[in-house]
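# Observations on the model geometry
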Amino acid sequence: MAERLYECMFLLDSGKFAQDRPGTEEAVKGLLDKCGGEILAAAPWQDGKLPYLIEGHKKGCHYLTYVKMDGSQVGELARLCKLNDLILRHLVIDHTEHGGLFHEKLVPALASHVAGSGEEERQEARSGRGRW
């Protein structure tokens, strides 16, 4: 099967992510590597309270990745996610038909989010202006 473009959102155990951020990021990237995925961009997206309990967790960390991967490996990725106690939930979206948008907008947007992570909020706090 041909390689396809995917957006993968992982809901991670927030406590484990806070204790060992590099280790949890490597664990997620390791799962994608086992499935033959080429990571185009990856970053933590949001960490916070969940709207309802998920496997007994009140908080979770959303970790967003953009990946090029063989479509036949999506099932294997789902299986590995279910076996991993770090990952509470996951979502995989196929963006192959939107290849131009994917490379021109989505991947650069995540890269700029990572590059500027928190800088805008720090500047607002220094100037005395809040977000709201």
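Criteria and cut-off values
- Residues numbered from 1 in each chain as written.
- Predicted model: local features only at pLDDT ≥ 70, side-chain atom pairs only at ≥ 80, totals over all residues.
- Heavy atoms only, no water.
- pLDDT = per-residue confidence, 0-100.
- Contact = heavy atoms within 4.5 Å.
- Salt bridge = Lys/Arg side-chain N within 4 Å of Asp/Glu carboxyl O.
- Helix = DSSP H or I, 4+ residues; strand = E, 2+ residues; numbered from the N terminus.
- Buried < 20%, exposed > 50% of the residue type's maximum accessible area, 1.4 Å probe, protein only.

Our next topic: the confidence of the model for the protein. The predicted model of the protein averages 83 in pLDDT, with 80% of residues at 70 or higher. The low-confidence segment residues 118-132 (pLDDT under 50) makes six contacts with residues lying over four places distant or belonging to another chain.

The next thing to look at is the pattern of salt bridges. Within this structure, the stated rule accounts for five salt bridges. For the salt bridge of arginine 21 with glutamate 25, the shortest nitrogen-to-oxygen distance reads 3.3 Å. Separated by four residues within a single helix, arginine 21 and glutamate 25 lie in helix H2 (residues 21-34), roughly one turn from each other. In this structure arginine 21 comes out as partly exposed when scored by relative accessible area, which is 42%. One salt bridge in this structure joins glutamate 76 and arginine 79, with 2.9 Å as the shortest N-O distance. Highlighted residues: glutamate 76 and arginine 79, both in helix H3 (residues 74-83), separated by three residues, approximately one helical turn. Judged by its relative accessible area of 27%, glutamate 76 falls in the partly exposed class. Accessibility expressed as a relative area gives 42% for arginine 79, which makes it partly exposed.

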